Amino acid sequence: MIDGWVALYIFMLAAFTGYEIIARVPVILHTPLMSGSNFVHGIVMVGAMVALGVASTPMEKVIGFIGVMLGAGNAMGGYVVTERMLEMFKSSKVPAKGGPGAQKGVAK
Amino acid sequence: MELLPTNIAMPLIQASYFAAAVLFILGIKRMSSPVTARSGIHWAGVGMLVATIATFLMPGMHNLGLISAAILIPSVLAWWSGKRVAMTDMPQMVALYNGMGGGSAAAIGAMVLSAVVLAAPGSCAPGAETHGHHCLDLTQRILAVVGALIGAISFSGSLIAFAKLQGWMDKTFRFSGQKFFNGLVFLSTAVLGVMIVIEPSMNLIVAFFALALIFGVLMTLPIGGADMPVVISLYNAFTGLAVSFEGYAQGNIALIIAGMVVGAAGTLLTRLMAKAMNRSIANVLFSNFGGPGAGGAQEIAGTQKGIEASDAASLLYMAEKIIVVPGYGMAVAQAQHKMWDLCKQLIERGKDVKFAIHPVAGRMPGHMNVLLAEAGVPYDLIVDMDDANADFPTCDVAIVIGANDVVNPMAKTDPSSPIYGMPILDVSLARQTIVIKRGKGTGFAGVENALFYADNTRMLFADGQAAASSLTSELKALDGGGGH
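Reference entry: report on the structure contained in this document.

## Description of the pairing of strand E1 (residues 321-326) of chain B
Residues and elements named next belong to chain B.
So, step 1. A large share of E1 lies buried, amounting to six of its six residues.
So, step 2. Alternating positions in E1 separate into two faces, Lys-321, Ile-323 and Val-325 on one and Ile-322, Val-324 and Pro-326 on the other, with burial throughout.
So, step 3. Sheet topology places E1 next to strand E4 (residues 397-401); five bridges connect them, and they run parallel. Among the inter-strand pairings, Ile-322 is bridged to a residue of E4, identified as Val-397.

Okay, structure coming up:
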């Protein structure tokens, strides 16, 4: 178990990290980034898995099952839509036809 | 059932969670630059996969079949829905997935709290032999309750936001004394939460969750469609915090770190959004802006002057520097592809073409950028508000398509206007403005737009798609003879 003060330091440092990595983001990436961070909190699925893993009564199992399902939906859905959005961002400096990466993007 | 002996499994799990946390942070970092963004989501995806697989190895895990089913079923559904959702519908999809995360965090809260109730009497008393997850210390109980509260609000609130954006629900729902009633519900929920921390019981837990879910609904119902970007962003931050707190209650460091990083990033993003609308987050949540009849009906002197597509095309033909200001109306008309076709024609003729985007264009922060990217507009042709405003005075023609409130100069000049103080794109500084608009209606805020009456503004009344394609063909016609 994590000691209270250590946890407080972890909370603080993680909060600063989250703040710092977003602080200078261009507006064009706000939507994918929100969607991407939405994916990252899909990690909640792991916590729900542990809770379901130690569940014994039927009620606990039902709640745990729902919890894992919701978490998995969050993670998978968040990943798919973020990937789809980021796939579309292209620079005009990359030749539109030519590079294999560019072609893949245009193919849709 | 144990897949590995504890002395091997635990370090492996801890190392995997650590790796996941690092990958999440680096992934989000990479997502904050357009060049590396795509790899960012892949990094974070690997982190998620590693953490998920490692969790199966956790000693003392039962119900592994149940767990696998609970992962697979929604994953298939979410993958399928995520692949086929239209880019215009992305905000409600993000709201939906986000709500699911909040619900999951609330479910964890329900389980760790009920485990305390179900534990044998006295087994969690001070000094007694502790039985692992069944016993929570005071801090863990508090955070489990707070996390569950935030998670449940995020869950039901996000579902309402989803229903509103999807068009399933009337945009606003208000009754007199609503704020007082909502406050009362929240207070009752908080009191129940405190009672659970002191002495948990099943009845208390059930009542607490019911009230928390109801509060999420009540809180979101009165918020208008125009404010949804801020609300989605806020609930995203909420879910992050809920995940982090439940992670503490469970002693799971991966949840603590990932949740808190998202919570902080989401809070910052929410504040940026609210700032772009010149409002505080509290103002978004508790005021009635964006609803019907919000604007006083001011009269504007002058008339709107129409223009034909052929004349508009010659204006563009003569121009050197052109700035396109797209709004959500363009996306509704699905005109972004046609608009980009027109701009490609202009670029071919040596014009300097840029897209200027207001921070709240679309239905979530940066939504318009995604819609333009989908149409194939390279991101380096897109400029944000500050850069665009520096460019407008030297701009020959500005094309406004489907945008209204974000280009309304009255936000600067008329203190009685409901949008007064909102930062806008200074389109009125351009030499000529062409506004492509279907009819003479007002924008989201229900306010008249002085830009449409300005001397150097010409209104091209047409559907966005039709207007863009007729401009393109008129432009090509102008080349005839002298051109190449």
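## Focus on the side chain of B:Ser233
So, step 1. Along the chain, B:Ser233 turns up in helix H8 (residues 228-250).
So, step 2. In this structure, B:Ser233 is in contact with A:Met34, B:Gly266, B:Leu269 and B:Thr270, ignoring residues within four places of it in sequence.

## A look at the sheet that holds strand E2 (residues 352-357) of chain B
Residues and elements named next belong to chain B.
So, step 1. Spatially, E3-E2-E1-E4-E5-E6 is the arrangement adopted by the six strands of the open sheet, whose pairing is parallel. For this open sheet the edge positions go to strand E3 (382-384) and strand E6 (457-461), each flanked by a neighbour on one side alone. Across this sheet, the average inter-strand angle for adjacent strands is 25°, counted without regard to direction.
So, step 2. Pairing of E2 with E3 involves three bridges; the strand directions are parallel. Bridge assignment links Ile-357 to a residue of E3, and that residue is Asp-384.
So, step 3. The strands touched by helix H11 (residues 309-318) are E1, E4, strand E5 (432-437) and E6; relative to E5, the strand with the most contacts, the crossing angle is about 140°.
So, step 4. Sheet strands in contact with helix H13 (residues 336-348) are E1, E2 and E4, and its direction is about 145° off that of E2.

## So, the interface of chain B and chain A
So, step 1. Counting from both sides, the interface comprises 102 residues of chain B and, opposite them, 81 residues of chain A.
So, step 2. Note on chain B versus chain A: buried area summed over both sides is about 8,300 Å², and carbon and sulfur give 78% of it.
So, step 3. Taken as a group, B:Arg38, B:Met48 and B:Met111 account for 8% of the area that chain B buries against chain A, more than any other trio of residues on that side.
So, step 4. For the pair chain B and chain A, the number of links is one salt bridge.

## Some details on H13(B)
Residue and element names in this part refer to chain B.
So, step 1. With 13 residues, H13 extends 18 Å between its outermost C-alpha atoms, agreeing within 8% with the 18 Å of an ideal straight helix rising 1.5 Å per residue.
So, step 2. Among the residues of H13, those classed as buried are Gln-336, Met-339, Trp-340, Leu-342, Cys-343, Gln-345 and Leu-346.
So, step 3. The positive-phi residue at the C-terminal boundary of H13 is Gly-350, with phi of around 80°.

## Some points on the packing of aromatic side chains
So, step 1. Using the criterion set out here, one finds eight aromatic pairs over all chains in the structure.
So, step 2. Taken together, a centroid distance of 5.3 Å and an interplanar angle of 80° make the contact between B:Phe208 and B:Phe209 edge-to-face. Grouping residues by exposure puts B:Phe208 and B:Phe209 together as buried.
So, step 3. Through successive ring pairs, a cluster of aromatic residues spans A:Phe11, B:Phe245 and B:Tyr248.
So, step 4. B:Arg84 extends its terminal NZ or CZ atom over the ring of B:Trp80, reaching a point 4.7 Å from the ring centre.
So, step 5. Across the ring face of B:Tyr317, the terminal group of B:Lys351 is positioned such that the distance to the ring centre comes to 5.6 Å.

Quick notes on the rules
Residues numbered from 1 in each chain as written. Chains lettered and ligands numbered in written order. Predicted model: local features only at pLDDT ≥ 70, side-chain atom pairs only at ≥ 80, totals over all residues. Heavy atoms only, no water. Buried < 20%, exposed > 50% of the residue type's maximum accessible area, 1.4 Å probe, protein only. Helix = DSSP H or I, 4+ residues; strand = E, 2+ residues; numbered from the N terminus. Pairing = 2+ DSSP bridges. Contact = heavy atoms within 4.5 Å. Axes fitted to C-alpha atoms, helices over the stretch in contact; angles between N-to-C directions. Buried area = accessible area lost by both parts, 1.4 Å probe. Salt bridge = Lys/Arg side-chain N within 4 Å of Asp/Glu carboxyl O. Expected span 1.5 Å × (residues − 1). Phe/Tyr/Trp six-rings, centres within 6.5 Å; stacked < 30°, edge-to-face > 60°. Lys NZ or Arg CZ within 6 Å of the ring centre and 35° of its normal.

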